[in-house]
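Here is what each chain is made of, one letter per residue.
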Amino acid sequence: MAHLTENPADKERFICVYPVYINSKKTLAEGRRIPTEKAVENPSCAEIRDVLTAAGMNVYMENKMHPREWNRDVQFRGRVRVQLKQTDGSLCQDKFRSRKDVMFYVAEMIPKLKTRTQKSGGSDSSAQQGEGGKKSKKKKK
């Protein structure tokens, strides 16, 4: 089907980025589009939006689901639309030439987000405390 508009700046012409595309837990058959080594574990739409907004891209979120996503959970909902080209057809930013460039950039930057770094630091200490608690329970029995 032909697009209703030829203008690349129209919101219908923005590219779609689903979290599934950069999820390291997914297989290619389940919708992942980049190599596992470069993918991120369970990214969210909000994280993708934050990274691209910080990079200066024109983005907006939609409450849609990827067709291959079987889990209907709120955590897996959503897609991000990103403007790659301006009205005259030129690129918005030279570092984003294609949708693959956008996916690689997002996958590289999400682990550097404050929410990701704080979560990993907090979970390590809580996991150690949990293990210590389990050991002491064994000694009491």
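For the structure, see preceding data.
Residues numbered from 1 in each chain as written. Predicted model: local features only at pLDDT ≥ 70, side-chain atom pairs only at ≥ 80, totals over all residues. Heavy atoms only, no water.

**Q** Even after reading the chapter, I still don't get the overall build of the protein, so can you show me in this structure?
**A** Scanning the protein from N- to C-terminus turns up three helices and three strands. Overall, the protein shows an N-to-C arrangement of helices and strands of β-α-β-β-α-α. Here the protein holds 141 residues, and 33% of them are scored as buried. Nonlocal contacts in the protein, meaning residues at least 24 apart in sequence, comprise 59% of its contacts between residues at least 6 apart. Put simply, the protein shows about 9,300 Å² of open surface, and 51% of that area lies on carbon and sulfur atoms. (Helix = DSSP H or I, 4+ residues; strand = E, 2+ residues; numbered from the N terminus. Buried < 20%, exposed > 50% of the residue type's maximum accessible area, 1.4 Å probe, protein only. Contact = heavy atoms within 4.5 Å. Areas by Shrake-Rupley, 256 points an atom, 1.4 Å probe, with all protein chains shown as cover.)

**Q** I keep staring at the layout of surface pockets and nothing clicks. Help me out?
**A** To find leftover empty space, a probe the size of one water molecule is rolled over the atoms. Each pocket or cavity is described by its volume, and for the largest pocket that value is around 170 Å³. As for the largest pocket, its lining consists of 11 residues, of which P8, R13, F14, I15 and R99 are closest to the centre. (1 Å grid on protein atoms, 1.4 Å probe; cavity = no way out; pocket = protein on both sides within 12 Å on 5 of 7 lines; lining within 4 Å. Points joined across faces, edges and corners; volume = space filled by probe spheres on them.)

**Q** Explain the pattern of salt bridges here, please?
**A** Oppositely charged side chains are able to pair whenever their charged atoms sit close together. Under the counting rule described, the total for this entry stands at four salt bridges. A salt bridge links D50 to R49; its shortest N-O distance comes to 3.3 Å. Taking the relative accessible area as the measure of exposure, D50 reaches 37% and is therefore partly exposed. With a relative accessible area of 31%, R49 lands in the partly exposed category. Between E62 and R81 there is a salt bridge whose closest N-O contact spans 3.6 Å. (Salt bridge = Lys/Arg side-chain N within 4 Å of Asp/Glu carboxyl O.)

**Q** Can you walk me through helix 1 (residues 45-54) in this structure?
**A** Every α-helix carries 3.6 residues per turn, so stepping three or four residues along brings you back to the same face. Of the residues making up helix 1, those classed as buried are C45, E47, I48, V51 and L52. Looking down the long axis of helix 1, one finds its buried residues gathered within 165° of arc, a one-sided arrangement. Two residues or fewer past helix 1, G56 is found with a positive phi of approximately 90°. (Arc of directions from axis to C-beta.)

**Q** Would you mind going over the nonpolar core with me for this structure?
**A** One broad trend across soluble globular proteins is that nonpolar side chains are buried collectively. Counting residues in hydrophobic clusters, the biggest one holds 26 residues, and the most contacted among them are I22, I48, L52, V82, V102 and V106. Elements supplying a minimum of two residues to this core: strand 1 (15-17), helix 1, strand 3 (79-82) and helix 2 (99-109). When residues of this core are assigned to their parent elements, the largest contribution, five residues, is made by helix 2. Apart from the residues within four sequence positions on either side, L52 is in contact with M57, V59, V80, V82, V102, Y105 and V106. (Core = buried A, V, L, I, M, F, W, Y, C linked by side-chain atoms within 4.5 Å.)

**Q** Can you help me understand the pairing of strand 3 in this one?
**A** By the alternation rule, side chains of strand 3 split into R79 and R81 and V80 and V82, which are all buried. Pairing geometry for strand 1 and strand 3, over three bridges, is antiparallel. When the bridges of strand 3 are listed, C16 appears paired with R81. Across four bridges, strand 2 (residues 59-62) lies against strand 3 in antiparallel orientation. Within strand 3, the position partnered with M61 by the bridge is V80. (Pairing = 2+ DSSP bridges.)

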